[in-house]
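Observations on the model geometry
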Amino acid sequence: MSRAIALFFLLAACSDSREVLDELPNSSLAGAPRAEVPESRMDAPVARAVTIGEDGPRMDACGGMGQVARTGPNGLPLRAAPFGDAKILASLAEGDRTYICTRSLDQKWLGVVLAPPPATDNAAEPADCGVSSPVDRKQPYDGPCVSGWVASAYVRLIAG
């Protein structure tokens, strides 16, 4: 009888009714009421900001520069999130340059900030997107240039 009681208490001690999301302190979903947490990606808003500053406060906000290659006649879609079904924000042409700021976990998508074209009034310097110098902490990009996600297979690293 005492073995059965001990087994009962052992099993009861191992069960935990808390949700995994409640235990992740850095999760954007931690502490959110269950009604606000989407059950699947299809229920979630299909947009994800590009993160800058992932290399730390002593490195540029975006650590690389890429050039669009092998796009085909329709160009490379710049998407609002790292998913094939996310909203298309723009189309990049062959040779367009982007600042590479982050990658998706599966490495199939790059979070980029579009490098603006050079000014047409004989100015050699393009507009500043604010990603070529360090930022204090990792944060979503909220600068003047267009940002989004592109398939990594179509961007060739040229600097960084």
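A brief look at the structure comes next. (Residues numbered from 1 in each chain as written. Predicted model: local features only at pLDDT ≥ 70, side-chain atom pairs only at ≥ 80, totals over all residues. Heavy atoms only, no water.)

Another aspect to go through is the overall build of the protein. For the protein, the helix and strand inventory stands at one helix and nine strands. Each helix and strand of the protein, ordered N terminal to C terminal, gives the series α-β-β-β-β-β-β-β-β-β. Within the span of the protein, comprising 160 residues, buried residues form 31% of the whole. Considering only intrachain contacts with a sequence separation of at least 6, the fraction spanning at least 24 residues in the protein is 69%. Carbon and sulfur atoms form 55% of the exposed surface of the protein, whose accessible area is close to 10,900 Å². (Helix = DSSP H or I, 4+ residues; strand = E, 2+ residues; numbered from the N terminus. Buried < 20%, exposed > 50% of the residue type's maximum accessible area, 1.4 Å probe, protein only. Contact = heavy atoms within 4.5 Å. Areas by Shrake-Rupley, 256 points an atom, 1.4 Å probe, with all protein chains shown as cover.)

Ranked by internal contacts, the top residues of the largest apolar core, which has 16 residues, are Ile52, Tyr99, Cys101, Val113, Cys129, Val131 and Tyr141. Mapped onto this core, the elements with two or more residues apiece are strand 5 (97–103), strand 6 (109–114) and strand 8 (147–151). (Core = buried A, V, L, I, M, F, W, Y, C linked by side-chain atoms within 4.5 Å.)

Okay, unusual backbone geometry next. The phi torsion at arginine 70 lies on the positive side, around 55°, for a residue other than glycine. Positive phi values are uncommon outside glycine, yet glutamine 107 reaches one of about 65°.

Here isoleucine 158 lies in strand 9 (residues 155–159). Along the chain, isoleucine 158 and glutamine 67 lie 91 residues apart, while their C-alpha atoms are 6.6 Å from each other. Contacts of isoleucine 158, omitting those with residues within four sequence positions, involve Met65, Gly66, Gln67 and Arg97.

Most of strand 8 is tucked away: four of the five residues are buried. Where strand 6 lies against strand 8, five bridges are found, and the strand directions are antiparallel. Each residue of the ladder has a partner; that of glycine 111, found in strand 8, is tryptophan 149. (Pairing = 2+ DSSP bridges.)

Moving on, we get to the state of the cysteines. The final tally for this structure, using the stated rule, is two disulfides. Paired by a disulfide, cysteine 62 and cysteine 101 hold their sulfur atoms 1.8 Å apart. Between cysteine 62 and cysteine 101, the S-S torsion sits near 85°, and that sign places the bridge as right-handed. Here the residue cysteine 62 occupies a position in the loop between strand 1 (51–52) and strand 2 (64–68), and cysteine 101 occupies one in strand 5, the gap between them amounting to 39 residues. For the pair cysteine 62 and cysteine 101, one class covers both residues: buried. Covalent S-S linkage joins cysteine 129 and cysteine 145, the inter-sulfur distance amounting to 1.9 Å. The S-S bond linking cysteine 129 to cysteine 145 shows a torsion near -85°; that makes this disulfide left-handed. Separated by 16 residues along the polypeptide, cysteine 129 in the loop between strand 6 and strand 7 (139–140) and cysteine 145 in the loop between strand 7 and strand 8 bring together distant segments of the chain. With respect to class, cysteine 129 is no different from cysteine 145; both count as buried. Disulfide connectivity for the protein, with bonded cysteines indexed by sequence position, reads 1-2, 3-4. (Disulfide = S-S within 2.5 Å.)

Our focus in this paragraph is the environment of glycine 75. Summarising the element assignment, glycine 75 is placed in the loop between strand 2 and strand 3 (76–79). For glycine 75, a relative accessible area of 17% gives the class buried. Note: C-alpha distance between glycine 75 and tyrosine 154 (79 residues apart in sequence) is 10.0 Å. Setting aside its immediate chain neighbours within four residues, glycine 75 contacts Ser91 and Leu92.

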